[in-house]
Amino acid sequence: MSASSSLRSFGTALRTLLVLTVLLGILYPAAILLVGRAMPAAADGSLVLDHGKVVGSSLIGQDFTGDTWFHPRPSAGKYDALDSGASNLAPTSKDLAKQIEDLRAQVAKTENVSPDKVPADALTASASGLDPDISPEYARLQSARVAAARHLSEETVARLVREHTEEPLLGFIGVPTVNVLELNLALEHAAGSEAQ
Amino acid sequence: MAALIPGILQILLVFAALALCYRPLGDYMARVFTTTSHWRVERAIYRLGGINPDAEQGWRSYLRSLLWFSLVSILLLYLIVRTQSVLPFAGGHTGLTPDQAWNTAVSFVTNTNWQSYSGEAALGVSAQAVGLAVQNFLSAAVGIAVAVALFRGLARTETSQLGNFWVDLVRGSVRILLPLSTVFAVVLLAGGVVQNLADPVTVHTLGGAVQHIPGGTVASQEAIKNLGTNGGGYFNANAAHPFENPSAWTNLLQVFLMLLIPVALTRTFGVMIGSKKHGYAILSAMGILYIASLAGVIASELVNASGALHAAGSALEGKELRFGVIGSDFFAVSTTMTSTGATDAAHSSFTPLGGGLLVLNMVLGEISPGGVGSGMYGMLMIAILSVFIAGLMVGRTPEYLGKKIGPSQMKLASLAILVMPATVLIGTAVAFSLPSVRASLSTSGPHGLTELLYAFVSAANNNGSAFAGLSANTPVLNVMLGLAMLLGRFLPIILVLALASTFAEQRRVPDTAGTLPTHRPLFIGVMAGVALLVSALTFLPALALGPIAEALG
């Protein structure tokens, strides 16, 4: 191939790439950005407001510690939303097995239940490290502790857990989940209203 | 086990959606690549690019255009990620180092989307949208173009012309990928996938902590990332990140998107060669391998007899609760079977057998159904090899679709099949012999070997998923894996286009009573068997030292 035909091929390739970059790299995402303005809640990250203040995103898990809160799943990234990721530990890993055993004992002690009652999601880190959900089993396990710490009746807390349990779409898409941030926010408001 | 029935229903739902789209999309794509009329926007692109869209190309010219285009794409992407700090909306991110920029540029141009960087920590909106997402479209369009050129070679007689690369590239982007991506980006957006240009939002949480919630042009990228079987996540956690994949239904939608074009292309093939039965035969062979793998992974994940997962009571380590175990398995099998490489769960935390099957999915050569375009031409190589083997058994000259499979065709097809195993095995062996690479492994023993093997399998198959644990961002691994991606992508493309040309030049041999039928269940079984046999023969020793040793250990 001669030098001039190489140069021509290079030119064609470069010009075509630049034109396609404008179409696919600028106009296309810009169009979706525009559509996003029609549904800002979703486009901006499903932010959760409390008294006009952003307290998080309903999609992004947060860490909650202490007796007054429902606790989320373990997180490899400690719920740092700028550092998503998993533990990546192999199932044959001795570290993982030990970590799970330790967590089981710890959760059982915190919730004052027998270790075999602790569900798997309380013992395993998620893939993103930002899992916003826990299983209804884990939420129910924590209800007694949270109710006691907040001086709420166990029925009130159980009702909140029920209200915040999301069933699978159409009965089969997904698994039942409880959004920890939304549940804790409801808890905060319930505490306020019951005190009045 | 109670999860099994809803899980199976989810899988059936996706299969039903694919079945619905199979004919309309497959027929549409066949029209796109056979019509002689141009859209107005396409004419504008051709004018600006200096392209004559009505001139056809022989295989050398077609290949030359493809290679020049890919080379320029690598250079531009390298520049973008190196110099992203001067671009608008860079979000304070600095340019990548030369070795990482090389790895990233090659990775996205080869449709691999191996990520040695961490999305939210390394790249701003401009590099993601203008650099990476553009290659998500174009690398997919290149894959489709090569498949279509091969279809034309099989359909045509006594010609050297295979079509026009630029027209195939532009039409694949403008008429197929862009409209579908737009629709599904909006659907994903409605499902909670973010799309904004905001800096991270600083939040004071109820629990008294501070959290920074990122933004980005995620919805637009997520749609094409799956549709083009690319797989490069906007965020480090990829499709496990709630902003990429917020719910169980978006998870199913993403699986659907990964499978959509590779599956429908078998219809396009059938229409373009004038025998839809052969399209169904190819799809069936792909389907057998896919379903066998899916069943195996789900079974091993639900039984989870092994150590740590047994201790937890369920294989939830490295999985998002909202997808469930089966939803995660469905995604994992689809992403490794389609060369997508997106992940919604940590593959390294899968059960040894489940994780081993995910590696096996890739060493099959990404053919069931494989990447967009590349899966199709990969499976056709297997079909040719199957015709040859079956022909040897019955003592007839092998033919496929009325084209003779002579020595030159066999050489080209065999080489195309052997590129990937050679790249993987030699690459892994060389890398393993380097002390600096061994230091990148998270653990010694079989799991360490699996990490490295997985990386080379993922790179050479242009899959891009990572078995994590491996610290892949080292100069040596960045350069070596970049080379593996280049070889694994372009050597088969060269061989496939040459093969397409030898078919186009032939006349069609009429079917006789002695012609081996290549669309019946028997031949479908032979294709699936040959695909398994080739990968088993080439990879069994390596797999025995890695995942198999780990599962037995």
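Here the structure is shown first, and the text comes after it.
Residues numbered from 1 in each chain as written. Chains lettered and ligands numbered in written order. Predicted model: local features only at pLDDT ≥ 70, side-chain atom pairs only at ≥ 80, totals over all residues. Heavy atoms only, no water.

## A few points about the overall build of chain A
Helix and strand counts for chain A come out as 6 helices and 5 strands. When the helices and strands of chain A are read in sequence order from the N terminus, they spell out α-α-β-β-α-β-α-α-β-β-α. In terms of overall size, chain A is more extended than a compact globule, its C-alpha atoms giving a radius of gyration of 24 Å where 196 residues would be expected to give roughly 16 Å. Expressed along its principal axes, the backbone C-alpha trace of chain A runs to roughly 80 × 45 × 30 Å. In chain A, buried positions account for 54% of the 196 residues. For chain A, long-range pairs separated by at least 24 residues make up 60% of all intrachain contacts whose partners lie at least 6 apart in sequence. Taken together, the 16 basic and 23 acidic charged side chains of chain A have centroids lying 7 Å from each other. (Helix = DSSP H or I, 4+ residues; strand = E, 2+ residues; numbered from the N terminus. Rg over C-alpha atoms; globule rule 2.2 N^0.38 Å. Buried < 20%, exposed > 50% of the residue type's maximum accessible area, 1.4 Å probe, protein only. Contact = heavy atoms within 4.5 Å. Lys, Arg positive; Asp, Glu negative; His and termini not counted. Charge placed at Lys NZ, Arg CZ, Asp CG, Glu CD.)

## Concerning the overall build of chain B
Counting its regular elements, chain B contains 19 helices and 8 strands. Its C-alpha atoms give chain B a radius of gyration of 22 Å, within 12% of the compact-globule value 24 Å for 553 residues. Taken over the C-alpha atoms alone, chain B extends approximately 80 × 55 × 45 Å along its principal axes. Counting the 553 residues in chain B, one finds 66% classified as buried. Considering only residue pairs separated by 6 or more positions, chain B has 78% of its internal contacts joining residues 24 or more positions apart. By element, 68% of the accessible surface of chain B is carried by carbon and sulfur atoms, the whole surface being about 17,500 Å². For chain B, the distance from the average site of its 27 positive side-chain charges to the average site of its 22 negative ones is 14 Å. (Areas by Shrake-Rupley, 256 points an atom, 1.4 Å probe, with all protein chains shown as cover.)

## Quick word on empty space enclosed by the protein
Enumeration according to the criterion identifies 4 cavities of 30 Å³ or more in this entry. Its boundaries defined by the atoms lining it, the largest cavity holds a volume of some 370 Å³. If you go around the largest cavity, you meet 26 residues; those closest to its centre are Gly365(B), Gly378(B), Ala416(B), Met420(B) and Asn461(B). Mapped onto the lining of the largest cavity, the elements with two or more residues apiece are α14 (374-394), α15 (407-432), α18 (475-505) and α19 (521-552) of chain B. Grouping the amino acids of the lining of the largest cavity by side-chain chemistry returns 15 nonpolar, 9 polar and 2 charged. When its volume is computed, the second largest cavity comes out at roughly 60 Å³. Lining the second largest cavity we find Pro91(A), Ser348(B), Phe350(B), Thr351(B), Pro352(B), Gly355(B), Gly356(B), His447(B), Thr450(B), Phe467(B), Pro547(B) and Glu550(B). Taken together, the elements giving at least two residues each to the lining of the second largest cavity come down to α13 (352-363), α17 (445-460) and α19 of chain B. It is α13(B) that contributes the most residues to the lining of the second largest cavity, 3 residues altogether. A per-class count over the lining of the second largest cavity returns 5 nonpolar, 6 polar and 1 charged. (1 Å grid on protein atoms, 1.4 Å probe; cavity = no way out; pocket = protein on both sides within 12 Å on 5 of 7 lines; lining within 4 Å. Points joined across faces, edges and corners; volume = space filled by probe spheres on them. Nonpolar A, V, L, I, M, F, W, Y, C, P; charged D, E, K, R; others polar.)

## Section: the packing of aromatic side chains
One pass over the structure, following the stated rule, counts 13 aromatic pairs over all chains. Pairing Tyr28(A) with Phe137(B) gives two aromatic rings, centres 5.2 Å apart and planes at 90°, and the pair type is edge-to-face. Taken together, the positions of Tyr28(A) in helix α1 (residues 3-38) and Phe137(B) in helix α6 (residues 125-155) put the pair across two chains. On the accessibility criterion, Tyr28(A) (4% relative accessible area) is buried. (Phe/Tyr/Trp six-rings, centres within 6.5 Å; stacked < 30°, edge-to-face > 60°.)

## Thoughts on the pattern of salt bridges
Counted according to the given criterion, the structure contains 17 salt bridges over all chains. Here Glu188(A) ties to Arg150(A) by a salt bridge, and the two come within 3.0 Å at their closest N and O atoms. Of the two residues, Glu188(A) sits in helix α6 (residues 180-195) while Arg150(A) sits in helix α4 (residues 136-150), which places them 38 residues apart along the sequence. Residue Arg150(A) is classed as buried on the basis of its relative accessible area of 15%. A single salt-bridge network, built from bridges that share partners, covers Arg73(A), Asp131(A), Glu320(B) and Arg322(B). (Salt bridge = Lys/Arg side-chain N within 4 Å of Asp/Glu carboxyl O.)

## Brief notes about the interface of chain B and chain A
Frequently, the measure chosen for interface size is the accessible area removed from exposure when the parts meet. Residue-level contacts link 94 residues of chain B with 87 residues of chain A. When chain B packs against chain A, close to 7,200 Å² is buried across both sides, 73% of that on carbon and sulfur atoms. Close ionic contact of Asp131(A) with Arg322(B) constitutes a salt bridge, the shortest N to O distance being 4.0 Å. Here chain B and chain A share 20 residue pairs in polar contact (both at pLDDT 80 or more) between them. If one sorts the elements of the side of chain B that touches chain A by residue count, helix α7 (residues 165-190) of chain B sits on top with 11 residues. Looking at the side of chain B that touches chain A residue by residue, the classes come out as 55 nonpolar, 31 polar and 8 charged. (Buried area = accessible area lost by both parts, 1.4 Å probe. Polar contact = N/O pair within 3.5 Å; in protein donor to acceptor, adjacent residues only side chain to side chain.)

## Details of the sheet that holds strand β5 (residues 177-179) of chain A
All names here are of chain A. The strand order across the open sheet built from 3 strands is β3-β5-β4, with neighbouring strands paired in antiparallel fashion. Both outer strands of the open sheet, β3 (133-134) and β4 (165-166), are each paired with one neighbouring strand and no more. Relative to β5, β3 runs antiparallel, the two sharing 2 bridges. Note that in β5 the partner of Asp133 across the bridge is Asn179. (Pairing = 2+ DSSP bridges.)

## Notes on α6(B)
All names here are of chain B. A rise of 1.5 Å per residue sets the reference length of α6, with its 31 residues, at 45 Å; its end C-alpha atoms lie 43 Å apart and thus fit the reference within 8%. A bend of about 25° at Leu132 is the largest found in α6. The element α6 is largely enclosed, with a buried count of 29 among its 31 residues. (Expected span 1.5 Å × (residues − 1). Bend = angle between axes of the 7 residues up to and from the residue.)

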